[in-house]
Amino acid sequence: MPFIIYRFDPWIFSVTALSIFLEGVPFLLIGALVSGLIEIFLTPERVVRYLPSNIFAAILLASFSGLCFPLCECGIVPIAGRLLRKKVPVPVVVAFLFSVPLVNITVIASTSVAFGRMFIVPLLRVAGGIIIATLAGVIVHFIKTDGYITGESGSAYLKDRVVLSGWQITDREPAPEKPSFINKLTQCMDHSVADFFDTSKYFVIGIMIASLVHTMLSPPALMQFSNNLPGSIVSMSLLSYLLCLCSQTDAFIAKTFVMQISTPAIIAFLLSGSMIDLKNTVLLTKIFKPKFIAILLIIMFTLVFFYALAVQKIVPGGLL
Amino acid sequence: MRVISLYTSRLLKVAALAGLLGLHLYLLMSGQIVTFIAPSYVIIVKISTVLLAVFMIYLLVTFNKKKETITTGLSQVAPFLPIFVALFYIPTNSAVTTVAVMPQSDQVNIDGFFMGGSGGATPEQTENTTLDFTNENFVSLYNMIYSDDTVGGKKITITGFASLDQRVGKGRFIIARMVMVCCAADMIPIGVICQAGEGMEFLDKNWYEVTGILTYEDTSDGSRQPIIMVTGDKKIEQPETPYVY
């Protein structure tokens, strides 16, 4: 990528970093709170019960399931493992994995707030999430997936969560058969606080990197980016993958590029990292074999690329 | 993987939340929050302040709970980073006039300045004989003069920093402000070209209150470009709130 060190002003860096943090952290907190509620009050078993028997209908439904699961990509992998254990077909789980971090209320809300009057952005993001998740599910349906699922996906959800998220639980006792409402709320808060701390590291580090990039990029270099549409889409997709930003907060960082980067590249940024990012790639090894993860990455980047190109036709004049 | 003690883990979490809560409260109570977030979005900062307080109170109430999750590594220290950044932040606003971005729009022409707008004049604005730019009406009046050339000939008063650029023409400069749409990361400079009067001198990045007559001239793309014919100027200190929203 043609990154050229143009300037580094600590004042601009700190103001940029703090402003992105202050704007994004409410959504991180709300996401953690809702995630805790989901963990306790909505079990994967209930989701399985409502899945249609037709595979394509199930894939389509999974692409919209984010509306009931306001989780980010960090929290969705263990649930996907749980769904696989419940014999939910792999294409449905893939559609679920791809769509949930994008097609959910908190992400729609945060993207809408970040882009203000640019209503087209949350619309394109959600539409992209549904379309790409559905297509990814359909493509995976025609791929032989036997042997691509690791044995660990059969482990209990809690164990998955412990292993995948880097948490260790001490003195854990068997849960009571019928926990009281207060107990459930306490568990919910435990999950929420844990989720907040677990995801905040990716968020904060992402902000620091984004602010550094924002501060040091040369405007002419950025203009060079936007003049080359395929290059800018690929670059922003990769940047989004590497930054590992939470889908509930990445819109605020994407917004900072609006003046410099073309609209399709912004949309590619908002889609790629939210579906699978670098940290998620590692998390996915707990439920899928590396070869299948590589296939998923190729599918994701390819679909995002072509969707972003289609966006150029929809919004040829850009966002301004 | 090194696992820290239960007590240290809880203490670090409470400290991180307390620090973030303190940062939020300080920015809200001191009014400095508008340096980072546009006033219309301050409500979301208030929401996170409440949620941080809820999380912290919960951790304090359950501080001695036996069952506990222990976090290791970055999860413990990451929330402290914004606090460190805030500690190094010096509220001089010295960089306000130096932030430059390059909008990609047909309306951009000079050095990344976003010079153009949309939205017609309100009846009151059209009827006024003087266009008096304030912090509150800056963006709406700016949009108006770029979209409605019938206001040409009116007296105009505008405050901003001067940006000198030879490409705007001899004896000309841009009177500009930084406009914040949502947060400091999305700020862009907006401005109007001024034609200095005889003997007048303007210094780059210095703040001025300019008075003059609003005129229009045709541009090569067929649009009408507003130009302020400066009749008077006063050098001023940078305002307490240098941005407009």
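Residues numbered from 1 in each chain as written. Chains lettered and ligands numbered in written order. Predicted model: local features only at pLDDT ≥ 70, side-chain atom pairs only at ≥ 80, totals over all residues. Heavy atoms only, no water.

Some words on the overall build of chain B
Worth spelling out the cut-off: Where helices and strands are cited, they refer to DSSP runs of H or I of at least four residues and of E of at least two residues respectively, numbered from the N terminus. Per-residue accessibility, obtained with a 1.4 Å probe over protein chains only, is compared with the maximum for each type, and a residue is labelled buried under 20%, exposed over 50%, and partly exposed between these values. By definition, residues are in contact when any of their heavy atoms lie within 4.5 Å. For the area figures, the Shrake-Rupley method with a 1.4 Å probe applies, and any residue is considered shielded solely by the protein chains shown.
Each helix and strand in chain B was counted, giving 6 helices and 8 strands. Burial status across chain B gives 51% buried among its 245 residues. For chain B, the share of sequence-separated contacts (at least 6 apart) that also reach a separation of at least 24 residues comes to 69%. Counting every atom, chain B has about 11400 Å² of accessible surface; 58% of that belongs to carbon and sulfur.

Overview of the overall build of chain A
Along its length, chain A carries 15 helices and 1 strand. Within chain A, buried positions represent 61% of all 320 residues. Total accessible area on chain A stands at roughly 12000 Å², and carbon and sulfur atoms take up 68% of it.

Quick notes on a nonpolar patch on the surface
Residue and element names in this part refer to chain A. Let me state the cut-off plainly: Patches draw on residues past 30% relative accessible area with no salt bridge. Two like charges within 9 Å are joined, as are two nonpolar side chains (Val, Leu, Ile, Met, Phe, Trp, Tyr) within 5 Å. A pairing counts as a salt bridge when a side-chain nitrogen of Lys or Arg comes within 4 Å of a carboxyl oxygen of Asp or Glu.
Residues L37, F181, I182 and L185 make up a contiguous nonpolar surface patch of about 390 Å² in total accessible area. No other element matches helix 9 (residues 181-216), which puts 3 residues into the nonpolar patch. For L37, the location among the structural elements is in helix 1 (residues 10-41). Of the residues examined, L37 reaches a relative accessible area of 37% and is grouped as partly exposed.

A few points about the pairing of strand 3 (residues 155-163) of chain B
All names here are of chain B. For clarity, the cut-off: A pair of strands is considered paired only if DSSP assigns at least 2 bridges between the two. With the strands pointing away from the viewer, any crossover whose connection runs clockwise from the first strand over the helix to the second is right-handed.
Most of strand 3 is tucked away, with 8 of its 9 residues classed as buried. Note that strand 2 (residues 130-132) and strand 3 share 3 bridges and pair parallel. Bridging across to strand 3, D132 finds its partner in T157. In this fold, the crossover linking strand 2 to strand 3 by way of helix 6 (residues 138-147) has right-handed handedness.

Brief notes about unusual backbone geometry
Backbone geometry places K205 of chain B, a non-glycine residue, at a positive phi of 65°. By the secondary structure assignment, K205 of chain B is in the loop between strand 5 (188-195) and strand 6 (207-218).

Concerning the packing of aromatic side chains
What counts, and what does not: For Phe, Tyr and Trp, where Trp contributes only its six-membered ring, two rings pair if their centres lie within 6.5 Å, and the inter-plane angle classes them as stacked under 30 degrees, edge-to-face over 60, or tilted in between.
Per the counting criterion, the structure on display carries 11 aromatic pairs over all chains. Seen from their ring centres, Y142 of chain B and Y146 of chain B are 4.9 Å apart, and the 50° between their planes marks the pair as tilted. With Y142 of chain B and Y146 of chain B both in helix 6 and 4 residues apart, this pair spans about one turn of that helix. Each member of the aromatic cluster is reached from another via a ring pair, and the members are F196 and F197 of chain A together with F55 of chain B.

Section: the side chain of S19 of chain A
Mapped onto the secondary structure, S19 of chain A falls in helix 1. Beyond its immediate sequence surroundings of up to four residues, S19 of chain A is in contact with F36, I37, C183, A184 and A185 of chain B.

A look at the pairing of strand 4 (residues 172-179) of chain B
Residues and elements named next belong to chain B. Burial analysis of strand 4 places 8 of its 8 residues in the buried class, the great majority of the element. Here strand 4 shows two buried faces, one formed by R172, I174, A176 and M178 and the other by F173, I175, R177 and V179. Bridging between strand 3 and strand 4 involves 3 bridges; their strand directions are antiparallel. In the sheet register, S163 faces strand 4, and the bridge partner there is I174. Note that strand 4 and strand 5 share 8 bridges and pair antiparallel. By the bridge assignment for strand 5, I174 is matched with I193. As paired elements, strand 4 and strand 8 (residues 243-244) share 2 bridges and run parallel to each other. Along strand 8, the bridge assignment pairs V179 with V244.

Observations regarding helix 3 (residues 55-64) of chain A
Residue and element names in this part refer to chain A. Which entries qualify depends on this criterion: In this context, the arc is that of the directions from the helix axis out to the C-beta atoms. Counted as a polar contact is a pair of N or O atoms within 3.5 Å, where, for protein atoms, one must be capable of donating a hydrogen and the other of accepting one, and residues adjacent in sequence contribute only when both atoms are in side chains.
Here helix 3 has its buried residues at I55, A58, I59, A62 and S63. Along the axis of helix 3, the buried residues cluster in a sector spanning 140°; they form a single face. The elements touched by buried residues of helix 3 are helix 5 (90-99) and helix 7 (120-141). Between the side-chain oxygen of the N-cap and the backbone nitrogen of F56 there are 2.8 Å, and the N-cap of helix 3 in question is N54.

Section: the confidence of the model for chain B
Residues and elements named next belong to chain B. Worth spelling out the cut-off: A score from 0 to 100, pLDDT tells how confident the predictor is in each residue.
In the predicted model, chain B carries a mean pLDDT of 77, and the fraction of residues at 70 or more is 74%. Within chain B, the lowest mean pLDDT, 53, falls on strand 1 (residues 68-70), and the highest, 93, falls on helix 2 (residues 42-61). Contacts of residues 92-112 to residues separated by more than four positions or lying in other chains number 68 contacts, the stretch itself having pLDDT below 50.

Looking at the pattern of salt bridges
All names here are of chain A. Summed over all chains, the structure comprises 5 salt bridges over all chains. When the shortest N-O distance is used, the salt bridge between R125 and D250 registers 2.8 Å. Pair noted here: R125 is in helix 7 and D250 is in helix 12 (residues 250-255), with a separation of 125 residues, a long-range link. By relative accessible area, which is 1% here, R125 ends up buried.

Topic: the packing of helix 5 of chain A against helix 15 (residues 290-314) of chain A
Residue and element names in this part refer to chain A. Going by this rule: Note on geometry: axes are lines fitted to C-alpha atoms, helical ones only across the stretch in contact, with angles between N-to-C directions running from 0 to 180 degrees. Working rule for angles: under 35 degrees goes down as roughly parallel, over 145 as roughly antiparallel, 65 to 115 as roughly perpendicular, anything else as oblique. The hand of a helix crossing depends on one turn: near helix anticlockwise from the far one by less than a right angle means left-handed, and clockwise means right-handed. Residue polarity is assigned by list, with Asp, Glu, Lys and Arg as charged and Ala, Val, Leu, Ile, Met, Phe, Trp, Tyr, Cys and Pro as nonpolar; anything else, Gly included, falls into the polar class.
The contact between helix 5 and helix 15 brings their axes to 13 Å, and the two run at 55°. With respect to each other, helix 5 and helix 15 are oriented oblique. Remark: the crossing between helix 5 and helix 15 carries right-handed chirality. Residues V90, V94 and F98 of helix 5 touch helix 15, and the partners they reach there are F292, L296 and M300. Looking at the contact of helix 5 with helix 15 residue by residue, the class counts come to 6 nonpolar, no polar and no charged.

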